[in-house]
Amino acid sequence: MNLSQEDWISQFEADENAVILDVRTEAEYNDGIILNAINIDIHMGQGFISELESLDKNKNYYVYCRSGARSAKACEIMNELGFENAYNLLGGIIEWNGDIVAP
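All chains use their own residue numbering, which begins from 1 and follows the written sequence. Local features in this predicted model are restricted to residues of pLDDT 70 or higher, and side-chain atom pairs are both shown and tallied only at a pLDDT of 80 or more, whereas totals for entire chains, interfaces and linings draw on every residue. Computation of side-chain values: all heavy atoms of the structure, hydrogens and water removed.

A.B. asks: Please clarify how the pattern of salt bridges should be interpreted in this entry.
C.D. replies: When the charged atoms of two side chains lie near each other, side chains of opposite charge can form a pair. Every case where a carboxyl oxygen of Asp or Glu lies within 4 Å of a side-chain nitrogen of Lys or Arg is listed as a salt bridge. Scanning the entire structure with this criterion turns up 4 salt bridges. Across the pair Glu53 and Lys57 runs a salt bridge whose closest N-O atoms are separated by 3.2 Å. Note on Glu53: relative accessible area 42%, which makes it partly exposed. Buried residues are those whose accessible area, probed at 1.4 Å on protein chains only, stays under 20% of the maximum for their type, while exposed residues exceed 50% and partly exposed ones sit between those limits. On the basis of relative accessible area, Lys57 is assigned to the partly exposed category, the value being 30%. Measuring nitrogen to oxygen at the nearest pair gives 3.9 Å for the salt bridge that ties Glu76 to Lys73. Residue Glu76 and its partner Lys73 are both found in helix α4 (residues 69–80); the two are separated by 3 residues, about one turn of the helix. Judged by its relative accessible area of 43%, Lys73 falls in the partly exposed class. Numbering of helices and strands runs from the N terminus; a helix is a DSSP stretch of H or I covering at least four residues, while a strand is a stretch of E covering at least two.

Take a look at the structure:
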């Protein structure tokens, strides 16, 4: 599900079962992240699927990338794998108005 920046933030902040997932490359991740994000690079192919499979499907995932394209794809993949709640950050981190921290 695609959420605007405002909806993504407000929903995440009210969600006690939330995980933030950054699907960018490790180099991009190391340049700065949204606080507490975990990194699984969507470009890892089968490795990405394997990492997703190890996650708790009962949690709610707030997914982002640089612009929102890779994270949209990641949410589709997650839905196919049985994750019921994967939320894509429209506009990605380049439109993020919140804090960006070092990983």
